[in-house]
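# Breakdown of the fold
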Amino acid sequence: MPTLNDLARSHTSLGEADVEYLHSLVSDWQLLADLSFADLILWAPAKDGTGWLAIAQMRPTTGPTSLHDDVVGTFAGPVDQRVLDVARDERRIWRESDPDWANGVPVRTEGIPVTRANRVIAVIERCTNLNSARTPSRLELTYLQGADDLARMVAEGTFPFPGADAMLVRSPRVGDGLLRLGKAGRVIYASPNAQSAYRRLGLAADLIGAELSVVTAGLIASDEPLDESLMVVAAGRAPREAEVDGNGSVVQLRSIPLIVGGSRTGALVLVRDVTELRRRERELMTKDATIREIHHRVKNNLQTVAALLRLQSRRTSSEEARLALAESVRRVTSIALVHEALSISVDERVDLDKLLDNVLPMVGEVATPESQVGLKRKGSFGVVVAEIATPLVMVLAELVQNAVEHAFPAGRPGKIEIAASRSARWLDVLIRDNGRGLPSGFSLERADGLGLQIVRTLVESELRGSLSLRRLRDGGTNGTEAALRIPLSRRL
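Our subject in this report is the structure included herewith. The structure presented is a predicted model; accordingly, all values stated were derived computationally and were not measured.

## Let's talk about the sheet that holds strand 2 (residues 52-58)
Taking strand neighbours across the sheet as the criterion, the four strands line up as 2-1-4-3 in an open arrangement whose pairing is antiparallel. Each edge of the sheet is formed by a strand with only one pairing partner; in this case those strands are strand 2 and strand 3 (107-116). This sheet shows a mean twist of 25 degrees between the axes of neighbouring strands, independent of strand direction. Of the pairings in the sheet, the one linking strand 3 to strand 4 (residues 119-129) comprises 10 bridges and is antiparallel in character. Each residue of the ladder has a partner; that of G111, found in strand 4, is E125. Relative to the sheet, helix 1 (residues 4-11) contacts strand 1 (39-45) and strand 2, its axis offset from that of strand 2 by approximately 170 degrees. Helix 2 (residues 16-28) rests against strand 1, strand 2, strand 3 and strand 4 of the sheet, and its axis sits at about 135 degrees to strand 3.

## A look at the pattern of salt bridges
Within the structure shown, the criterion is met by 27 salt bridges. The partner of R88 in a salt bridge is D85, and the shortest N-O contact between them spans 3.4 Å. Taken together, the residues R88 and D85, both in helix 4 (residues 78-90) and three residues apart, mark about one turn of the helix. For R88, a relative accessible area of 28% gives the class partly exposed. Residue E293 is joined to R297 by a salt bridge in which the shortest nitrogen-to-oxygen separation is 2.9 Å. Separated by four residues within a single helix, E293 and R297 lie in helix 9 (residues 275-314), roughly one turn from each other.

## Description of helix 10 (residues 319-343)
Over its 25 residues, helix 10 extends 36 Å from the first C-alpha to the last, a length consistent with the 36 Å expected when each residue adds 1.5 Å. Two or three places before E320, at the opening of helix 10, S318 has a side-chain oxygen 3.4 Å from that residue's backbone nitrogen.

## So, the pairing of strand 2
Residues in a regular strand point their side chains to alternate faces of the sheet. Across the seven residues that make up strand 2, a large majority, seven, are buried. In this sheet, strand 2 lies alongside strand 1 in antiparallel orientation, the contact comprising six bridges. What sits directly across from W43, in strand 2, is A54. Where strand 1 folds back on strand 2, the antiparallel hairpin that results is connected by six residues, among which G49 adopts a positive phi of roughly 75 degrees.

## Details of the pairing of strand 4
By the criterion of burial, strand 4 is predominantly enclosed, with 10 of the 11 residues buried. By the bridge criterion, five bridges tie strand 1 to strand 4 in an arrangement that is antiparallel. Bridging across to strand 4, L40 finds its partner in R126. Following strand 3, the chain reverses through two residues before pairing antiparallel with strand 4; A117 in that reversal takes a positive phi of roughly 50 degrees.

What counts and how
- Residues numbered from 1 in each chain as written.
- Predicted model: local features only at pLDDT ≥ 70, side-chain atom pairs only at ≥ 80, totals over all residues.
- Heavy atoms only, no water.
- Pairing = 2+ DSSP bridges.
- Helix = DSSP H or I, 4+ residues; strand = E, 2+ residues; numbered from the N terminus.
- Axes fitted to C-alpha atoms, helices over the stretch in contact; angles between N-to-C directions.
- Contact = heavy atoms within 4.5 Å.
- Salt bridge = Lys/Arg side-chain N within 4 Å of Asp/Glu carboxyl O.
- Buried < 20%, exposed > 50% of the residue type's maximum accessible area, 1.4 Å probe, protein only.
- Expected span 1.5 Å × (residues − 1).
- Polar contact = N/O pair within 3.5 Å; in protein donor to acceptor, adjacent residues only side chain to side chain.

What follows is the structure, encoded as structure tokens:
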């Protein structure tokens with residue numbers, strides 16, 4: 001389905017500022033649909049000026065829909081066009097149409113002009129299913145009164161509020177709880193859900209007639225500082241959100257000031273009990289902090305092991321033993337660096353590019369301190385999950401170390417290039433050197449070196465990837481290329 005941006009740019013003459021204004025409206029018009037118990041369609045004038053194009057649509061969560069099919073991307077018919085033309089031309093909410101029985105369901109249609117900078121840039125068609133019409137309750141009357149005020153604000157160009165952040169998924173909804181405030185900030189109506197939310201905060205009295213900001217301030221724990229922004233929200237004087245924490249419960253408030261005809265008539269305050277949601281968030285934060293602390297301690301322990309191995313290496317007279325211990329130090333240090341990166345990560349993911357820039361130079365220095373081999377990395381490895389990071393870093397370190405040790409005679413300069421390319425499903429890595437090349441008859445399956453055995457085991461069992469080695473001959477120069485491919489789609 002085409003987006004609002006696509007439709008507005010392709011089929012209308014709306015400017016960028018107009019489109020952004022309509023985005024702000026659409027991001028928050030679920031509120032108007034729910035208060036109205038009605039479907040909403042946003043129509044914009046077509047570029048040629050001869051019709052209206054539907055660029056957005058919203059169904060209510062508080063009542064039955066009158067539009068079972070999506071109309072976004074379609075042009076208005078003759079009946080709808082008359083409503084839209086009158087609302088735009090007369091710059092008022094047009095309610096004079098008779099119910100439409102076209103689909104066997106009585107639907108009342110209204111046109112609400114969308115005004116920006118004293119211009120009507122679009123029209124909202126409000127379609128109410130009359131099948132469920134009955135004597136409205138006090139709650140429904142309050143909803144409809146709030147919907148009427150918001151519709152007039154849309155027509156006057158004062159809703160959505162200029163400069164206010166879009167309040168989307170996590171904001172309270174109409175059904176969560178609704179308070180209607182008068183001009184003085186006193187509660188005129190409180191829905192059962194809103195009253196229950198304040199009961200959980202510790203309020204024993206009824207909310208009706210109470211000054212909401214004073215009541216809310218009295219429910220905050222005495223040892224907590226008074227939040228001035230919370231008082232502004234509870235008084236209904238600013239389009240903001242705030243939270244009240246008291247009596248072991250957390251309640252979210254959202255204030256919608258009602259300014260009709262240039263004067264303030266009161267406010268709507270949406271109320272939502274988010275106690276359980278905040279508890280789960282705290283548990284997740286505690287869990288994440290614990291995991292990061294574990295990674296930090298593992299890193300410290302591995303660094304201690306590496307230090308002990310270095311001490312042992314200095315006390316060993318055998319050159320072969322010293323080299324073996326140095327390789328062990330390098331392997332342990334590589335793993336420690338992965339855990340260090342995970343200890344500061346918030347989502348158990350590692351930026352391999354930064355990590356390898358720290359690991360690979362260390363590999364070359366440990367392998368042959370006197371060598372003149374240069375390392376160069378091309379392409380991006382990107383961010384990977386923890387279960388990929390540790391084995392992959394070890395594999396790359398082993399392959400680079402093998403190239404440094406075996407491709408170049410002592411003292412001979414050379415270069416090693418590591419090239420990475422990544423798609424949605426695969427990570428491909430090529431490690432090339434310009435050294436002496438593979439020995440005659442070499443077979444990866446029959447190689448008995450510890451480094452290559454580690455590499456094969458990690459690639460096959462941990463990474464579930466593939467590895468191949470081949471000899472390069474380019475213009476008389478020998479070399480070796482290691483090609484590594486690992487899957488990403490099942491892990492990310």
